[in-house]
Amino acid sequence: MKNIQNKNIFIILGFLRCGTSVITRSLKALDIDLGEKLVANSGWNPTGYFEDKEIIQNIHSKLFATLNQQKRSILLFDKNQLVNNPSLSSIKTEAMQLLNQRFHNTDYFGFKDPSISKILPFWHSIFDEMKIKDHYIIALRNPLSSAKSYSDLTGTDLELGLLLWLMHFIPAVDDSIDRHAIIVSYDLMMQNPSAELQRIKNNLHITTPDNSIAVQAFLNEFLSKKLYHNRFDEENLKSHPATSVIPLCIRTYQLLLQLAKDEISFQHEKFIIEWAEIKSELQKIYPLYSYMDVVLKRQKAITRELSRMKKSIIFKLFYPLYWIDDKFRQKRIMKRAKTKLITAYE
């Protein structure tokens, strides 16, 4: 393998619909290479995902499949599952070969995939072994805004979106605070992109030459207020009924927003104390979240099986009989309920 020691890699972390694509695209304005084999645009992201297709398909998808976990699972990995795991050795080798390819003509490479928030220890072992300088940009967005956007696109419950937001951000922050990391607010990026670009460059010590043409292309051509939907403020977050189910996302967001505004740092005593309390609270409730994950998987399997059955020829042939039988069943249920009510008052 080629020696790529001391080259710089930039990882964008965060949950879906948190502005990770916008912030990844901002790196291109700072002359950070995102590679050429990117995931194609779609209705979810008409301006582009800026995700490395080979990293997602050849590394991340294989890793999740090997560990028998879905990418959008609520569950968190134990770090021992991701480091020194013999079942991941071939995937690790492939990842190292891929990084050698990506750094062939550049000293600065960046990539993103929302699922990477849960598997950072896997990549840390690679960066450390290859002696690559790793940097992390955590794309922060109001969890209610993110969950609403995710719900609109996937049809899932708002509460699930909030829970997934929480289960992506806690490992993203916890596994990057001891390295070169910065929190960037998607909302602040949309409001003042020039200031946020400079902030990223200063905090992560990016020394690429200034490219005014690339910056102007990002500011004037790429960013679009028309695509900036589902904006909720902190009061909406506190008062919305869905957040009462996942209240920890409120405290987590408020703390991380202070970091995004440079009001505190990762080394600040306030952050250290509150972050420890947030992790402790999550640990207490995590068994419940784990059970919720089991229930959601069962529900998904049943829904998939029902969908398959409804497409069958036999179902379509006998559906009118099912419909008639269901109507009679409802009448029988109502009759029994009425009989019980009358009997109760006799």
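Rules used in this analysis
Residues numbered from 1 in each chain as written. Predicted model: local features only at pLDDT ≥ 70, side-chain atom pairs only at ≥ 80, totals over all residues. Heavy atoms only, no water. Helix = DSSP H or I, 4+ residues; strand = E, 2+ residues; numbered from the N terminus. Buried < 20%, exposed > 50% of the residue type's maximum accessible area, 1.4 Å probe, protein only. Contact = heavy atoms within 4.5 Å. Areas by Shrake-Rupley, 256 points an atom, 1.4 Å probe, with all protein chains shown as cover. Lys, Arg positive; Asp, Glu negative; His and termini not counted. Charge placed at Lys NZ, Arg CZ, Asp CG, Glu CD. Salt bridge = Lys/Arg side-chain N within 4 Å of Asp/Glu carboxyl O. Core = buried A, V, L, I, M, F, W, Y, C linked by side-chain atoms within 4.5 Å. Pairing = 2+ DSSP bridges. Axes fitted to C-alpha atoms, helices over the stretch in contact; angles between N-to-C directions. Parallel < 35°, antiparallel > 145°, perpendicular 65-115°, else oblique. Left-handed = near helix turned anticlockwise from the far one by under 90°. Nonpolar A, V, L, I, M, F, W, Y, C, P; charged D, E, K, R; others polar. Patch = residues over 30% accessible without salt bridge, like charges linked within 9 Å, V, L, I, M, F, W, Y side chains within 5 Å. Disulfide = S-S within 2.5 Å.

1. Focus: the overall build of the protein
- When helices and strands are counted, the protein shows 14 helices and 4 strands.
- Buried positions account for 47% of the 346 residues belonging to the protein.
- A sequence separation of at least 24 residues applies to 77% of the contacts in the protein between residues at least 6 apart.
- Surface accessibility of the protein: about 18,300 Å² in total, with carbon and sulfur atoms responsible for 54%.
- Across the protein, the centroid of the 47 positively charged side chains sits 10 Å from that of the 37 negatively charged ones.

2. A look at the pattern of salt bridges
- Here the structure, examined in full by the defined rule, presents 24 salt bridges.
- A salt bridge links Arg251 to Glu281; the shortest N-O distance between them is 3.9 Å. Of the two residues, Arg251 is situated in helix H12 (residues 248–260) and Glu281 in helix H13 (residues 269–310); the sequence distance between them amounts to 30 residues.
- What you see here is one network of salt bridges that share partners, running through Arg251, Lys270, Glu274, Glu277 and Glu281.

3. Concerning the nonpolar core
- Counting residues in each nonpolar core, the largest one holds 73 residues, and the members touching the most others are Leu99, Phe122 and Trp123.
- The biggest single contributor to this core is helix H7 (residues 158–174), with 12 residues.
- Trp123 has contacts with Ile55, Ile59, His60, Ala95, Leu99, Phe111 and Ile116, leaving out every residue within four places of it along the chain.
- Within the second largest apolar cluster, 26 residues are counted, among which are Ala29, Ile32, Tyr108 and Leu204.

4. Notes on helix H1 (residues 20–29)
- With respect to burial, H1 is a largely interior element, 9 of its 10 residues being buried.
- When H1 is considered as a whole, its buried residues turn out to be Thr20, Ser21, Val22, Ile23, Thr24, Arg25, Ser26, Leu27 and Ala29.
- Trailing H1 by a residue or two, Asp31 shows a phi angle of about 65°, which is positive.

5. A short note on the sheet that holds strand S1 (residues 8–13)
- In spatial order, the strands read S2-S1-S3-S4; together these 4 strands make up an open sheet with parallel pairing. Looking at the sheet topology across the chains shown, the edges are occupied by strand S2 (108–112) and strand S4 (180–185). If you compare each strand with its neighbour and ignore which way they point, the axes differ by 20° on average.
- In this sheet, strand S3 (residues 133–140) lies alongside S1 in parallel orientation, the contact comprising 6 bridges. Across the sheet, residue Ile12 finds its bridge partner in S3, namely Ile137.
- Of the strands in this sheet, S1, S3 and S4 are in contact with H7, which crosses S3 at around 150°.

6. Digging into the packing of helix H4 (residues 89–102) against helix H5 (residues 120–130)
- Two elements in contact, H4 and H5, have axes separated by 11 Å at closest approach and are oriented at 55°. Put simply, H4 runs oblique to H5. The interaxial crossing formed by H4 with H5 has right-handed handedness. Along the contact surface, H4 presents Ile91, Lys92, Ala95, Met96, Leu99 and Asn100, while H5 presents Phe122, Trp123, Ser125, Ile126, Phe127, Glu129 and Met130.
- Across the contact of H4 with H5, the residue classes break down as 9 nonpolar, 2 polar and 2 charged.

7. A closer look at a nonpolar patch on the surface
- On the surface, Ile313, Ile314, Leu317, Phe318, Tyr319, Leu321, Tyr322, Trp323, Ile324 and Phe328 cluster together into a nonpolar patch covering about 1,100 Å² of accessible area.
- With respect to the helices and strands, the residue Leu317 is situated in helix H14 (residues 313–345).
- By relative accessible area, which is 62% here, Leu317 ends up exposed.

8. Remarks on the state of the cysteines
- Considering all chains together, one arrives at 0 disulfides under this definition.
- Free cysteine Cys18: the closest other cysteine sulfur is in Cys249, separated by 11 Å.
- Classification of Cys18 by relative accessible area gives buried; the value is 0%.
- You can call Cys249 buried: its relative accessible area is 0%.

9. Re unusual backbone geometry
- The backbone phi angle of Asp31 is positive, close to 65°, even though this residue is not glycine.
- Assignment of secondary structure puts Asp31 in the loop between H1 and helix H2 (53–66).

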